[in-house]
Amino acid sequence: MIDSASSAAARVQLTADGRLRHFIDIEGLSRELLTEILDTADSFRGVQDAQVKKVPLLRGRTVANLFFENSTRTRATFELAAKRLSADVLNLDIQTSSTAKGETLLDTLQNLEAMQADAFVVRHSDSGAAHFIASQVTPNVAIINAGDGRHAHPTQAMLDMLTIRRHKGAFENLKVAIVGDILHSRVARSQVLALNTLGVAEIRVIAPRTLLPVDVEDWRCRVFTRLQEGLRDADVVIALRLQKERMDGALLPSENEFYRHYGLTQESLAWAHSEAIVMHPGPINRGVEIESAVADGPRAVILDQVTNGIAVRMAVLSMAVSGQTQSRTRSRAS
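Within each chain, residues carry numbers counting from 1 in the order of the written sequence. pLDDT decides what is reported in this predicted model: residues at 70 or higher carry local features, side-chain atom pairs at 80 or more are listed and counted, and totals for whole chains, interfaces and linings draw on all residues regardless. Side-chain numbers come from the whole structure's heavy atoms, not from hydrogens or water.

Draft legend 1. Fine view of the overall build of the chain. Counting its regular elements, the chain contains 12 helices and 9 strands. Whereas a compact globule of 334 residues would reach a radius of gyration of roughly 20 Å, the chain reaches 20 Å, a difference of no more than 12%. Across its three principal axes, the chain shows a C-alpha extent of roughly 60 × 45 × 40 Å. In the form shown here, the chain has an accessible surface area of approximately 14500 Å², with 47% of it arising from carbon and sulfur atoms. Secondary structure elements are taken from DSSP: a helix is a run of H or I of four residues or more, a strand is a run of E of two residues or more, and numbering for both begins at the N terminus. The globule rule used here is 2.2 Å times the number of residues to the 0.38 power, and the radius of gyration it is set against is calculated over C-alpha atoms. The Shrake-Rupley method, run with a 1.4 Å probe sphere, supplies the accessible areas, and residue values consider only the shown protein chains as cover.

See the structure below:
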């Protein structure tokens, strides 16, 4: 989260006049651009309520979903988003693709580019994979980061921002608490960047010390190891999944111990503001991160997040493909 990194991220993601051409990271993007994404997504919310849930913005375009990690919710919402923009969608099954036969990622991507694909939605276990693809492999295809290692998950952060804005209005006076496995969470990193960029009054991260990154003090947020202190008067509470698949060694005594000290229950939620909303990026581990009575309760907006995810991904796909088209047109003209 330093200036040089922000500048590098912006150079890769933006056209010469500041329009989106890739969406890889929140870092380096302006408040105005994030607001444009939210406003565009808001306009697409109406499409989802229409009888015919399609607009022709990407008619004749091809979007390839390249998921090198398992996903259900993110992959499904990206597919729906592309189809609602009238794009043709290619879902590449990595386990049975030519990469499993020895073909390199470079060859796979360049073959897809030669097939005139317009956008790649990429999820990868390696941090920086999407940035590498956008900067070194297929820079003329819009690259949308659907999650890379522990690094970033920008569309998840933006659907969370849209959910917060629709329920709370302006960001400036809000206190937002993020609870759980901060160490392994690409979602938390992107959320903190987006919240800071959008001008949230106070951001808090809450976790046991073993689940806090060593650089968390540089995140422009307040750090808490006690749930009660971190939740006090919070307007928005975001619970994170325990990412056991990314954990090395015994970072927690047990799931039961984590739930006892950091689980969102009706009792612990009483410390937050009386009108606080509760969010979770999913998938939910009930009885580990959150109590069913809270997840299914009146304060939870978890299903709204899923609905907003389609609108945000429609916005990002349409803006990035448009930015790429503009870049190619200018390049040919010059």
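Draft legend 2. How the structure looks around the sheet that holds strand β1 (residues 62-67). Pairing in this open sheet of 4 strands is parallel, and the strands run β2-β1-β3-β4 from one edge to the other. Each edge of the sheet is formed by a strand with only one pairing partner; in this case those strands are β2 (88-92) and β4 (142-148). Between one strand and the next, the sheet's axes are offset by a mean angle of 15°, whatever the strand orientation. Direction of pairing for β1 relative to β2: parallel, over a ladder of 5 bridges. Each bridged residue has a counterpart across the sheet, and for Ala64 the counterpart in β2 is Leu90. Note on pairing: two strands pair once DSSP finds at least 2 bridges between them. Angles run from 0 to 180 degrees between N-to-C directions of axes, and those axes are lines fitted to C-alpha atoms, restricted for helices to the stretch in contact.

Draft legend 3. The arrangement of the pattern of salt bridges in detail. Here a salt bridge means any side-chain nitrogen of Lys or Arg lying within 4 Å of a carboxyl oxygen belonging to Asp or Glu. What the rule picks out here adds up to 12 salt bridges. Of the charged contacts, one joins Arg165 and Asp39 as a salt bridge, the two residues approaching to 2.9 Å between their closest N and O atoms. Placement of Arg165 in helix α6 (residues 154-168) and of Asp39 in helix α2 (residues 31-49) is noted, with a sequence separation of 126 residues between them. The rule is simple: take the accessible area with a 1.4 Å probe, protein chains only, and divide by the maximum for that residue type; under 20% is buried, over 50% is exposed, in between is partly exposed. Take Asp39: its relative accessible area is 41%, and that puts it in the partly exposed class. Glu202 is the salt-bridge partner of Arg204, the closest N and O atoms lying 2.6 Å from each other. Residue classification places Arg204 among the buried residues on the basis of a relative accessible area of 4%. Salt bridges sharing common partners tie together Asp39, Asp42, Arg165 and Arg166.

Draft legend 4. Focus on the pairing of strand β8 (residues 236-239). Here β8 shows no split at all, with Val236 and Ile238 on one side and Val237 and Ala239 on the other all buried. As defined by bridge partners, strand β5 (residues 175-179) adjoins β8 across 4 bridges and the pair is classed as parallel. Bridge pairing in β8 places Val176 opposite Val236.

Draft legend 5. How the structure looks around the sheet that holds strand β6 (residues 202-206). If you walk across this open sheet you meet the 5 strands as β7-β6-β5-β8-β9, and the pairing is parallel. Of all strands in the sheet, those bounded by a partner on one side alone are β7 (222-224) and β9 (277-279). Sheet twist, expressed as the mean angle between neighbouring strand axes with direction ignored, is 20°. Should any heavy atoms of two residues lie within 4.5 Å, those residues are counted as being in contact. Docked against the sheet, α6 engages β8 and β9, running at close to 165° with respect to β9. Across the face of the sheet, helix α7 (residues 186-197) comes into contact with β5, β6 and β8 while running at roughly 170° to β5.

Draft legend 6. Region of interest: the packing of α2 against α6. Packing of α2 against α6 brings their axes to within 10 Å, and their N-to-C directions diverge by 70°. By the criterion of interaxial angle, the relationship of α2 to α6 is roughly perpendicular. Here Leu34, Thr35, Ile37, Leu38, Asp39, Ala41, Asp42 and Arg45 of α2 come into contact with α6, specifically with Met158, Met161, Leu162, Arg165 and Arg166. Angular relationships are summarised with four words: roughly parallel below 35 degrees, roughly antiparallel beyond 145, roughly perpendicular across 65 to 115, and oblique for the angles in between.

Draft legend 7. Focus on the side chain of Asp25. Tracing the backbone shows Asp25 in the loop between α1 (3-13) and α2. Under the counting rule used here, the positive set is Lys and Arg, the negative set is Asp and Glu, and His together with the chain ends is not counted. Summary of buried charges: Asp25 has no salt-bridge partner, and the nearest side chain of opposite charge, Arg189, is 9.3 Å away. Polar contacts, as used here, are pairs of N or O atoms within 3.5 Å; protein pairs need one atom able to donate a hydrogen and one able to accept it. Residues neighboring in sequence count only if both atoms are side-chain atoms. A polar side-chain atom of Asp25 sits 3.2 Å from a polar atom in the side chain of His151. Those residues in contact with Asp25 that lie beyond four places of it in its chain are Gln13, His151, Ala152, Pro154 and Leu193.

Draft legend 8. The environment of Leu174, seen in detail. As for its placement among the helices and strands, Leu174 is situated in the loop between α6 and β5. Distance from Leu174 to Ala234, taken between C-alpha atoms, is 7.7 Å for residues 60 residues apart in sequence. Apart from the residues lying within four places of it in its own chain, the contact partners of Leu174 are Ile164, Lys168, Val200, Ala201, Glu202 and Asp235.

Draft legend 9. Looking closely at helix α4 (residues 105-114). Those residues of α4 that sit buried are Thr108, Leu109 and Leu112. Around the axis of α4, the buried residues are gathered within 90° of arc, so they sit on the same side. The inward-facing, buried residues of α4 contact β1, β2, β3 (119-124) and α5 (129-137). Looking one or two places after α4, you find Gln116, whose phi comes out positive at around 70°. By construction, the arc corresponds to the directions joining the helix axis to the C-beta atoms.

Draft legend 10. Focus on the nonpolar core. Here the nonpolar core consists of buried residues drawn from Ala, Val, Leu, Ile, Met, Phe, Trp, Tyr and Cys, with membership extended through side-chain atoms lying within 4.5 Å. Counting residues in hydrophobic clusters, the biggest one holds 93 residues, and the most contacted among them are Phe23, Met158, Met161, Ile178, Ile182 and Leu317. Here this core gets 11 residues from one element, more than from any other, and that element is helix α12 (residues 302-333). Beyond its immediate sequence surroundings of up to four residues, Met161 is in contact with Leu38, Phe171, Gln191, Ala194, Leu195 and Leu198.

Such coordinate-based values are descriptive only and should not be taken to indicate function.
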